[in-house]
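A closer look at the structure
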Amino acid sequence: TQLLEQSPQFLSIQEGENLTVYCNSSSVFSSLQWYRQEPGEGPVLLVTVVTGGEVKKLKRLTFQFGDARKDSSLHITAAQPGDTGLYLCAGGGQSDSGGSNYKLTFGKGTLLTVNP
Amino acid sequence: NAGVTQTPKFRILKIGQSMTLQCTQDMNHNYMYWYRQDPGMGLKLIYYSVGAGITDKGEVPNGYNVSRSTTEDFPLRLELAAPSQTSVYFCASSYPVGGAQYFGPGTRLLVL
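A brief look at the structure comes next. Predicted model only: the values in this text are computed from it and were never measured.

1. Observations regarding a nonpolar patch on the surface
- Taken together, the side chains of F10, I12 and L112 of chain B make up a nonpolar region of the molecular surface, amounting to roughly 320 Å² of accessible area.
- Relative to the elements of secondary structure, I12 of chain B occurs in strand 2 (residues 10–13).

2. Notes on the interface of chain A and chain B
- Residue-level contacts link 20 residues of chain A with 21 residues of chain B.
- In this assembly, chain A packs against chain B so that about 1500 Å² is buried in total across both faces, 57% of it on carbon and sulfur atoms.
- Our count for the contact surface shared by chain A and chain B stands at 0 salt bridges.
- Counting only elements with at least two residues in the side of chain A that touches chain B, the list comes to strand 4 (29–37), strand 5 (44–49), strand 9 (85–94) and strand 10 (104–106) of chain A.
- If you tally residues by element for the side of chain A that touches chain B, the top one is strand 4 of chain A, at 4 residues.
- Its residues placed into classes, the side of chain A that touches chain B shows 8 nonpolar, 9 polar and 3 charged.

3. Side note on the state of the cysteines
- A complete count under the given rule lists 2 disulfides over all chains for this structure.
- Between the sulfur of C23 of chain A and that of C89 of chain A lies a disulfide, 2.0 Å long from S to S. Because the sign of the S-S torsion sets the handedness, a value of about 75 degrees for the bond joining C23 of chain A and C89 of chain A places this disulfide among the right-handed ones. On the criterion of sequence distance, the pair formed by C23 of chain A in strand 3 (residues 19–24) and C89 of chain A in strand 9 is long-range, its members being 66 residues apart. Take C23 of chain A and C89 of chain A: they sit in the same class, and that class is buried.
- Across a sulfur-sulfur distance of 1.8 Å, C23 of chain B and C91 of chain B are joined as a disulfide pair. Taking the torsion about the S-S bond as the criterion, the C23 of chain B to C91 of chain B disulfide, at about -70 degrees, is left-handed. Of the two residues, C23 of chain B sits in strand 3 (residues 19–25) while C91 of chain B sits in strand 9 (residues 87–94), which places them 68 residues apart along the sequence.

4. Digging into the sheet that holds strand 3 of chain B
Residue and element names in this part refer to chain B.
- Strand order in the open sheet formed by 4 strands is 1-3-8-7, and the pairing between neighbours is antiparallel. Because the sheet does not close on itself, it has two edges, and the strands there are strand 1 (4–7) and strand 7 (64–66). Strand-to-strand twist in this sheet, taken as the mean axis angle between neighbours without regard to direction, amounts to 20 degrees.
- Here strand 3 pairs with strand 8 (residues 76–78) via 3 bridges, running antiparallel. Residue pairing across strands places T20 opposite R77, the latter belonging to strand 8.

Each value, and the rule that gives it
Note that residues are indexed from 1 along each chain, following the sequence as it is written. Think of it this way: whatever chain is written first is A, whatever ligand is written first is 1, and the rest follow in order. Residue-level local features of this predicted model are given only where pLDDT is at least 70; pairs of side-chain atoms are given and counted only at 80 or more, and the full residue set underlies all totals for whole chains, interfaces and linings. The basis for the side-chain values is all heavy atoms of the structure; hydrogens and waters are excluded. Patches were defined on residues exceeding 30% relative accessible area and lacking a salt bridge, with like-charge contacts within 9 Å and nonpolar side-chain contacts (Val, Leu, Ile, Met, Phe, Trp, Tyr) within 5 Å. Reported accessibility uses the Shrake-Rupley method at a 1.4 Å probe radius. Residues are deemed covered only where the shown protein chains occlude them. The working definition used for a salt bridge is a side-chain nitrogen of Lys or Arg within 4 Å of a carboxyl oxygen of Asp or Glu. Elements are defined by DSSP. Helices are runs of H or I of four residues or more, strands are runs of E of two residues or more, and each kind is numbered from the N terminus. Residue contacts follow a heavy-atom distance rule, with two residues in contact if any of their heavy atoms lie within 4.5 Å. Two parts lose some accessible area (1.4 Å probe) when they are put together, and adding that loss for both gives the buried area. Each residue gets one of three labels, nonpolar for Ala, Val, Leu, Ile, Met, Phe, Trp, Tyr, Cys and Pro, charged for Asp, Glu, Lys and Arg, and polar for the others, Gly among them. Cysteine sulfur atoms are paired as a disulfide whenever they fall within 2.5 Å. When accessible area is computed with a 1.4 Å probe and restricted to protein chains, residues below 20% of their type maximum are described as buried, those above 50% as exposed, and intermediate ones as partly exposed. When DSSP finds two or more bridges between two strands, those strands count as paired. Throughout, an axis means a line fitted to C-alpha atoms (over the contacting stretch in the case of helices), and angles, computed between N-to-C directions, take values from 0 to 180 degrees.

Next up, the structure:
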């Protein structure tokens, strides 16, 4: 059973377009993190959200944590080729299994390609 | 700070061989993790450690062993390598609060 479902799995867009990727779960998490992974490298943390309804902005990236802390979204405005990569969401502190914040459950990722 | 370093970057093993993947972090993090990443499958937790001398199994521990004798080092041992262990292996470390993890560059392993 995949606890965190990410959609879409693949996304190919042109430079300048906007996009949203989603991370959904039937479980409640105490925190939700987004990572970006470039080919041949390890994931790099973009943001952590911990409060239901929280919105965080990182330049052209906007992250939202659902009110019920079961889902999250990442919106990119005016995508650039440098945004290309695998976007992973990860949940910590899964409440219905007594999970701890330091063990994360990862989704399978959204592979984003931004074409010039 | 070098962050999290992993060696080797790439290795080819024959079925039945053994090897150790090295991982070192210089951030004084108590928590360390080993993951494997297969195409389209995300990251699966193999083993983790909450401090020197303490390790525990993750989601996919079979065929692997770990040790944690110091805060800095967390080696992953593969005994009797099998083709199913062909994967990219990532080591990570974190502070306990917030759980944000810092990843190494990965080791690509091919078992033939």
